[in-house]
Amino acid sequence: MPADLNPSAKPPLSVRLRSDWLRGILRADLIRHDTLLGLVAHWSDDDAKHDVLLQLDALADAMSGPREGELDALVERVEDAAALDTAEIEIGLSDALRLRDELDAVIASLSRFNPQRVRPVVVPSQRERRTA
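All values derive from a computational prediction rather than experimental measurement.

Calculation rules
Residue indices follow the written sequence of each chain, beginning from 1 at its first position. Side-chain atom pairs in this predicted model are given and counted only at pLDDT of 80 or more, local residue features only at pLDDT of at least 70, and totals for whole chains, interfaces and linings cover all residues. Derived side-chain values reflect all non-hydrogen atoms in the structure, with water molecules and hydrogen atoms excluded from consideration. Here a strand is any run of E in DSSP of at least two residues, a helix any run of H or I of at least four, and the numbering for each starts at the N terminus. Only heavy atoms matter for contacts: two residues are in contact if any of them lie within 4.5 Å across the pair. Only the protein chains shown count as covering a residue, and every accessible area follows the Shrake-Rupley method with a 1.4 Å probe. Salt bridges are defined as contacts in which a side-chain nitrogen from Lys or Arg sits within 4 Å of a carboxyl oxygen from Asp or Glu. Only protein chains enter the accessibility calculation, which uses a 1.4 Å probe. A residue is then buried if its area is under 20% of the maximum for its type, exposed if over 50%, and partly exposed in between. pLDDT expresses how confident the predictor is about each individual residue, on a scale running from 0 to 100. As used in this record, nonpolar core signifies buried Ala, Val, Leu, Ile, Met, Phe, Trp, Tyr and Cys residues forming a set joined through side-chain atoms within 4.5 Å. Here a patch means residues that are over 30% exposed by relative accessible area and free of salt bridges, tied together within 9 Å if like-charged and within 5 Å if nonpolar (Val, Leu, Ile, Met, Phe, Trp, Tyr). Positive charge is attributed to Lys and Arg, negative charge to Asp and Glu, and no charge count is given to His or to the chain ends. Each charge is placed at NZ for Lys, CZ for Arg, CG for Asp and CD for Glu. The span one expects for a helix is its residue count, reduced by one, times 1.5 Å. To be clear, the arc concerns the directions from the helix axis to the C-beta atoms. Paired strands, in this sense, are two strands between which DSSP finds at least two bridges. Distance and chemistry together define a polar contact, namely a pair of N or O atoms within 3.5 Å, with one atom able to donate a hydrogen and the other to accept it when in protein, and with adjacent residues in sequence counting only for side-chain atoms on both sides.

Undergrad: Can you break down the overall build of the protein chain residue by residue, with the values?
TA: Of regular secondary structure, the protein chain possesses five helices and two strands. Along the protein chain, helices and strands appear, N-terminal first, in the series β-β-α-α-α-α-α. Nonlocal contacts in the protein chain, meaning residues at least 24 apart in sequence, comprise 49% of its contacts between residues at least 6 apart. Of the roughly 10400 Å² that the protein chain leaves accessible, carbon and sulfur atoms contribute 55%.

Undergrad: Provide a residue-level description of the pattern of salt bridges, including the pertinent values.
TA: One pass over the full model with this rule turns up seven salt bridges. Among the salt bridges present, the one from D29 reaches R27, with a minimum N-O distance of 2.8 Å. For the salt bridge of D95 with R98, the shortest nitrogen-to-oxygen distance reads 3.1 Å. You can see D95 and its partner R98 sitting in helix α4 (residues 93-110), three residues apart, about one turn around the helix. Accessibility assignment for this pair places D95 and R98 in one class, buried. The network of salt bridges with shared partners includes K10, D95, R98 and E102.

Undergrad: With reference to specific residues and values, describe the confidence of the model for the protein chain.
TA: Per-residue confidence for the protein chain averages 86 on the pLDDT scale, and 84% of its residues sit at or above 70. For the protein chain, the element scoring lowest by mean pLDDT is helix α5 (residues 126-131), at 66; strand β2 (residues 24-28) scores highest, at 94.

Undergrad: Which residues make up the nonpolar core, and what values go with them?
TA: Of all hydrophobic cores here, the largest spans five residues; its members are L13, V15, L17, L99 and V106. For this core, the secondary-structure elements that each account for two or more residues are β1 (13-17) and α4. Here the element with the most residues in this core is β1; it accounts for three residues. Apart from the residues lying within four places of it in its own chain, the contact partners of L13 are S8, R27, A28, I89, I91, D95, R98, L99 and E102.

Undergrad: Help me get a handle on a negative patch on the surface, residues and values and all.
TA: A contiguous patch of negative charge on the surface is contributed by D34, D85, E88 and E90. Its place among the elements puts D85 in the loop between α3 (70-81) and α4.

Undergrad: So what's going on with α4? Which residues, and what values?
TA: Relative to the 26 Å expected for 18 residues at 1.5 Å per residue, α4 spans 25 Å between its end C-alpha atoms, a close match to the ideal helical length. Of the positions making up α4, those classed as buried are D95, R98, L99, E102, V106 and S109. The arc enclosing the buried residues of α4, seen along the axis, measures out at 100 degrees, which places them on a common side.

Undergrad: Lay out the pairing of β2 with the relevant residues and their values.
TA: The sheet contact formed by β1 and β2 spans five bridges and is antiparallel. Paired with V15 across the bridge in β2 is L26. In textbook terms, the turn of a hairpin is the stretch between consecutive antiparallel strands, and for β1 and β2 this stretch comprises six residues, one of which, W21, has a positive phi near 65 degrees.

Undergrad: A description of a nonpolar patch on the surface should follow, citing residues and the corresponding values.
TA: Judged by side-chain polarity, L37, V40, W43 and L53 come together as a nonpolar surface patch covering roughly 340 Å² of accessible area. Locating W43 in the fold gives a position in the loop between α1 (29-41) and α2 (46-62).

Undergrad: Explain the side chain of S8 to me, using residue names and the numbers behind them.
TA: Following the sequence through the fold, S8 ends up in the segment before β1. One polar contact links S8 to R98, side chain to side chain, over a distance of 3.2 Å. Excluding residues that lie within four positions of it along the chain, S8 makes contacts with L13, S14, R98 and E102.

As structure tokens, this is what we get:
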């Protein structure tokens, strides 16, 4: 694994720069964790297990030569069969601020060769909004 260009205090929930500096990477391990737990939550029910396995088999078959839009539809069928929740996580203020700082660093690197450099949007603090 290449050296982490933007080391995070919490790598499982982080934003970093790809090693070639052409893309950013958002890492959110908790989503994968919750997805796997959701997938196996129905495993004890034989009917639900059979339905999930059928949908996974259909997805596996389509992987050899998928048609446009086919994989998305098949993934949705797996999600429906497993009754998976939306792939989202809640974050608190400290994580939000940390992620913003990590994302700002990635944006600065991604835009460094852009002739029309992305200008950061300055969001006024709560104190500044009260005095305006």
